[in-house]
Amino acid sequence: CNSGTDALWLALKAIGIEKNDIVLTTPFSFIASSSEIVSHNAHPVFIDIDNKTFNIDENKIENWLKQNCSIKNGTTFHNKTAYKVTGILTVDIFGQCANYKKIKDICDKWNLWIIEDACQAIGSQINKSMAGTFGDIACFSFYPTKNLGVFGDGGCCATNDPELASKIYKLRNHGRSSHYHYECLGRNSRFDGIHAAMLIEKLNSLDTYTKQRQSIAKTYNKEFAQLKNIVLPKEIIGTHVYHQYCIQAIDQNGIIFRDKLQKELSDKGVDTRVFYPETLPSINFLNTDKRLKTDCPIADKLTKSILALPVWPELTREEVLYVCETLKEACNLQQMNNTENIQILQKQQKTL
């Protein structure tokens, strides 16, 4: 289809989402993982993230369902609103898969479907099962900045269910099953042929790109291991393909210095990005019913400290080492300043 966003819309439509359905999802992601739920007049309910992987926390999913829902005749309902809870839309954030073993167990118990947003995780795997194989439908993006990208927008849906596949094929092409034979209301979401040819060629290099990203991440992990005032990303669930390599600029005293660090790196020619500067629940139009509001303190805190370092596979060894030395210099200076400030504060307290 023509984008990762359209892939999410098509997946939700094909799986049968209806008005006022509830879909559990992450508060820490690009907006499309929630906006396409809202575009179907349904409700995203935000479940906070795990503080190490940044993916949706499966334990918090289970707790929310137990505290707020009941199963009646095989369907899960939200107790306060009587809305149906129909599925979970996961996001494999930054290139690491969510904990699908536990999430699948939850879905089996509560009769929910899974749509896997694997847009950032192509090539990642858990026990040799690839990202994009864990949901009823998976969605990918081929936007130029993704690990596998084209020169413009592009995306796809993947499923092992022939019935869902048939629905998606129709929906992406004006609802037709064959030439000028229309069966349902669809949209124009076809994928451009030139981009398709480019993607086929780039697929041959995907493993090479992935290994280079992982190599850069390995170098960062080694070079930054002794720094006490940043938190490094953790590879916990399966393999990580590092669509983004994100640190947290927060020291042992809990002082967040992300914005200062970003400026110091920028002044020395190291470009960085903040993914993401705000959580999805902070966006007004995604809060569709105040009775469904949840608190996501881990995601809220993360938006203030997270910083993505360069990790694209074309980086040279010299450029990677320059990033390392520049960041270490900035972090060591920050640590010295904090130590001096603490000593001054201690002296002032003794004087008082």
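Predicted model, so just to flag it, every value in this text is computed and none were measured.

**Q** I'm lost on the pattern of salt bridges in this one. Help?
**A** Oppositely charged side chains can form a pair if their charged atoms are brought close together. Enumeration according to the criterion identifies 13 salt bridges in this entry. The salt bridge partner of Glu 18 is Lys 84, with a shortest N-O separation of 3.1 Å. With Glu 18 in the loop between helix 1 (4–15) and strand 1 (22–25) and Lys 84 in strand 5 (residues 84–91), this pair connects stretches of sequence that are 66 residues apart. Note on Glu 18: relative accessible area 44%, which makes it partly exposed. Among the salt bridges present, the one from Lys 268 reaches Glu 329, with a minimum N-O distance of 2.6 Å. Separated by 61 residues along the polypeptide, Lys 268 in the loop between helix 8 (258–267) and helix 9 (297–305) and Glu 329 in helix 10 (residues 317–351) bring together distant segments of the chain. On the basis of relative accessibility, which here comes to 39%, the residue Lys 268 falls in the partly exposed class. Here Glu 329 falls in the partly exposed class, since its relative accessible area comes to 47%. Each member of the salt-bridge network shares a partner with another, and the members are Glu 223, Glu 325 and Lys 328.

**Q** In this structure, what is going on with the packing of aromatic side chains? I would like to understand it.
**A** The description of two aromatic rings rests on the distance between their centres and on the angle between their planes. Throughout the structure, instances matching the rule amount to 12 aromatic pairs. Between Phe 275 and Tyr 276, the aromatic rings sit 5.8 Å apart at their centres with planes inclined by 70°, giving edge-to-face as the arrangement. You can call Phe 275 partly exposed: its relative accessible area is 22%. The ring of Tyr 180 is capped by Arg 176, whose NZ or CZ atom sits 5.7 Å from the centre of that ring. Across the ring face of Trp 9, the terminal group of Arg 187 is positioned such that the distance to the ring centre comes to 4.1 Å.

**Q** What should I look at first to understand the nonpolar core in this one?
**A** What tends to happen in soluble globular proteins is that the nonpolar side chains get buried as a cluster. Counting 66 residues, the largest nonpolar core has Phe 28, Tyr 220, Phe 224 and Tyr 245 as its most contacted members. With 8 residues, the top contributor of residues to this core is helix 1. Excluding residues within four positions of it along the chain, Phe 224 makes contact with Ile 230, Leu 232, Tyr 245, Leu 309, Cys 324, Leu 327 and Lys 328. Grouped together as the second largest cluster of nonpolar side chains are 37 residues, Tyr 83, Ala 138, Val 150 and Leu 199 included.

**Q** Any chance you could explain the packing of helix 1 against helix 5 (residues 162–171) here in plain terms?
**A** The axes of two packed helices give the description: the angle between them and the distance between them. Across the interface, helix 1 lies against helix 5 with an axial gap of 9 Å and an inter-helix angle of 125°. In terms of orientation, helix 1 and helix 5 fall into the oblique class. Here helix 1 and helix 5 pass one another in a crossing that is right-handed. Every residue of helix 5 that contacts helix 1 at Leu 10, Lys 13, Ala 14 and Ile 15 is listed here: Leu 164, Lys 167, Ile 168 and Leu 171. Taken together, the residues of the contact of helix 1 with helix 5 break down into 6 nonpolar, no polar and 2 charged.

**Q** Please clarify how the side chain of Thr 76 should be interpreted in this entry.
**A** When you line up the elements, Thr 76 lands in strand 4 (residues 75–78). The class of Thr 76 is buried, set by a relative accessible area of 0%. From its side chain, Thr 76 meets the backbone oxygen of Trp 110 in a polar contact 2.6 Å long. Setting aside chain neighbours within four positions, we find Thr 76 in contact with Leu 65, Cys 69, Ser 70, Ile 71, Tyr 83, Lys 84, Val 85, Trp 110 and Leu 112.

Conventions used here
- Residues numbered from 1 in each chain as written.
- Predicted model: local features only at pLDDT ≥ 70, side-chain atom pairs only at ≥ 80, totals over all residues.
- Heavy atoms only, no water.
- Salt bridge = Lys/Arg side-chain N within 4 Å of Asp/Glu carboxyl O.
- Helix = DSSP H or I, 4+ residues; strand = E, 2+ residues; numbered from the N terminus.
- Buried < 20%, exposed > 50% of the residue type's maximum accessible area, 1.4 Å probe, protein only.
- Phe/Tyr/Trp six-rings, centres within 6.5 Å; stacked < 30°, edge-to-face > 60°.
- Lys NZ or Arg CZ within 6 Å of the ring centre and 35° of its normal.
- Core = buried A, V, L, I, M, F, W, Y, C linked by side-chain atoms within 4.5 Å.
- Contact = heavy atoms within 4.5 Å.
- Axes fitted to C-alpha atoms, helices over the stretch in contact; angles between N-to-C directions.
- Parallel < 35°, antiparallel > 145°, perpendicular 65-115°, else oblique.
- Left-handed = near helix turned anticlockwise from the far one by under 90°.
- Nonpolar A, V, L, I, M, F, W, Y, C, P; charged D, E, K, R; others polar.
- Polar contact = N/O pair within 3.5 Å; in protein donor to acceptor, adjacent residues only side chain to side chain.

This is a description of form; function is not addressed.
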